[in-house]
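Okay, here's what each chain looks like letter by letter:
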Amino acid sequence: MTATDNRPSTPATPQDTAASERQVVVAAPRGYCAGVDRAVITVEKALDHYGPPIYVRKQIVHNKHVVETLAERGAIFVEELDEVPEGAMVVFSAHGVSPAVKQEAKDRGLRTIDATCPLVTKVHQEAKRFAREDKQILLIGHAGHEEVEGTAGEAPEHITLVQSPEEADQLDISELDNVAWLSQTTLSVDETMETVNRLRKRLPLLQDPPSDDICYATSNRQAAVKQIAAHSDLVIVVGSANSSNSVRLVEVALEAGAKASYRVDNAGEVDPAWFEGVESVGVTSGASVPDDLVQGVLDLLTEHGYPTATEEKLTEENLVFALPPELRRDLRRDTSGD
């Protein structure tokens, strides 16, 4: 006869109950967008095809890990073209450059590959068209950001920078007439529209760009973080400090209801003190972040007793951009010559 254990079962401890109530949600979409993927692949293929060194003006994308990885392969990142030897190959970053930079490269006999995101190029084209129509352009963006410098360089005499809703209220409009607005592609959607609405109150005939300037990836990642932030005690955003869209994700998460939100470059920057009293954690990443950095944060959460993450998907992203034409040309030429 089999013995029966009639001992009472051990009741769950408060720690067990707390652990069972914990959850981790990872947002989708997150990470690389089509423009970032194109830019990173451009440098990788240039290194493979032409051999190192390949010079890159500014960071190819705003992510420390990506830049360090490419540097290990032979990419040399410079701030300005005068650091590039004459005749060398230089890649322009995903954020775009002004016509003056392109002319400087030509004057110095540099070979160039333009990895500007096509969605940034679209804003450049809009700036040139508005300037040809002799419109004054209010460019919503952050001073000093490479993308803003590139766009403003297309029509500097026509462009006035507006950095916030508060600046929109303070703008001297006494001499503004025939005005249109454009924006940096990586801004907070909500704050940008607040800025536009305040401008329009003062300039009722303010003209919109032909289509949204804030890129699909920025909009999607902000909408996705809103979705998870509403039920998260803590939201961790993976992305570098100079990544505008990553910094915005922290702000959007807090505005959407997260009790706390922090940006980290990688799991090594996560402070375990953040987990005190936290049951629900949301995780996402900016548009220039490789997914292995996100996985590192999820692994860290598991080490601290959190369950395997579940993914909340807002939408699918299937957009792919072709490589820059000058690189495609050289790759085809060598293939056909084999």
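Just above sits the structure.
Residues numbered from 1 in each chain as written. Predicted model: local features only at pLDDT ≥ 70, side-chain atom pairs only at ≥ 80, totals over all residues. Heavy atoms only, no water.

1. A closer look at the sheet that holds strand E8 (residues 179-183)
- On the basis of which strands lie adjacent, the open sheet formed by 3 strands has the order E7-E6-E8 and parallel pairing. The strands lining the two open edges of the sheet, one partner per strand, are strand E7 (159-162) and E8. The sheet shows a mean angle of 30 degrees between the axes of neighbouring strands, taken without regard to direction.
- Relative to E7, strand E6 (residues 136-140) is paired through 4 bridges, and the arrangement is parallel. Pairing of Leu 138 across the sheet is with Thr 160, part of E7.
- Across the face of the sheet, helix H5 (residues 118-132) comes into contact with E6 and E8 while running at roughly 170 degrees to E8.
- Across the face of the sheet, helix H8 (residues 189-202) comes into contact with E6, E7 and E8 while running at roughly 150 degrees to E6. (Pairing = 2+ DSSP bridges. Helix = DSSP H or I, 4+ residues; strand = E, 2+ residues; numbered from the N terminus. Axes fitted to C-alpha atoms, helices over the stretch in contact; angles between N-to-C directions. Contact = heavy atoms within 4.5 Å.)

2. Some points on the packing of helix H9 (residues 216-229) against helix H10 (residues 244-255)
- Following both chains from N to C, one finds H9 and H10 inclined at 30 degrees, their axes separated by 9 Å at the closest point. By the criterion of interaxial angle, the relationship of H9 to H10 is roughly parallel. Relative to H10, H9 is oriented so that their crossing is right-handed. Facing H9, whose interface residues are Thr 218, Arg 221, Gln 222, Val 225, Lys 226 and Ala 229, H10 presents Asn 245, Arg 248, Leu 249, Val 252 and Ala 253. (Parallel < 35°, antiparallel > 145°, perpendicular 65-115°, else oblique. Left-handed = near helix turned anticlockwise from the far one by under 90°.)

3. A few points about the packing of aromatic side chains
- Summed over the entire model, instances satisfying the criterion amount to 2 aromatic pairs.
- When the ring of Tyr 262 is compared with that of Trp 274, the centres are 4.0 Å apart and the planes differ by 0 degrees; the resulting orientation is stacked. Taken as a pair, Tyr 262 in strand E10 (residues 260-264) and Trp 274 in the loop between E10 and strand E11 (280-285) lie far apart in primary sequence, 12 residues in all.
- Residue Trp 274 is classed as buried on the basis of its relative accessible area, which comes to 17%.
- With centroids separated by 5.5 Å and ring planes inclined at 65 degrees, the aromatic side chains of Phe 275 and Tyr 306 adopt a geometry described as edge-to-face. Taken together, the residues Phe 275 in the loop between E10 and E11 and Tyr 306 in the loop between helix H11 (291-303) and strand E12 (310-313) connect sequence positions 31 residues apart. The same class applies to Phe 275 and to Tyr 306, which are both buried.
- Between the NZ or CZ atom of Arg 22 and the centre of the ring of Tyr 306, over which it lies, the distance is 4.0 Å. (Phe/Tyr/Trp six-rings, centres within 6.5 Å; stacked < 30°, edge-to-face > 60°. Buried < 20%, exposed > 50% of the residue type's maximum accessible area, 1.4 Å probe, protein only. Lys NZ or Arg CZ within 6 Å of the ring centre and 35° of its normal.)

4. Some points on the sheet that holds E12
- Pairing in this open sheet of 5 strands is parallel, and the strands run E10-E9-E11-E1-E12 from one edge to the other. The outermost strands of the open sheet, each flanked by one partner alone, are E10 and E12. Averaged over all adjacent pairs, the angle separating strand axes in this sheet is 25 degrees, with direction ignored.
- Across 4 bridges, strand E1 (residues 23-28) lies against E11 in parallel orientation. The residue bridging Val 25 from the neighbouring strand is Gly 282, located in E11.
- Sheet strands in contact with H10 are strand E9 (234-238), E10 and E11, and its direction is about 170 degrees off that of E10.

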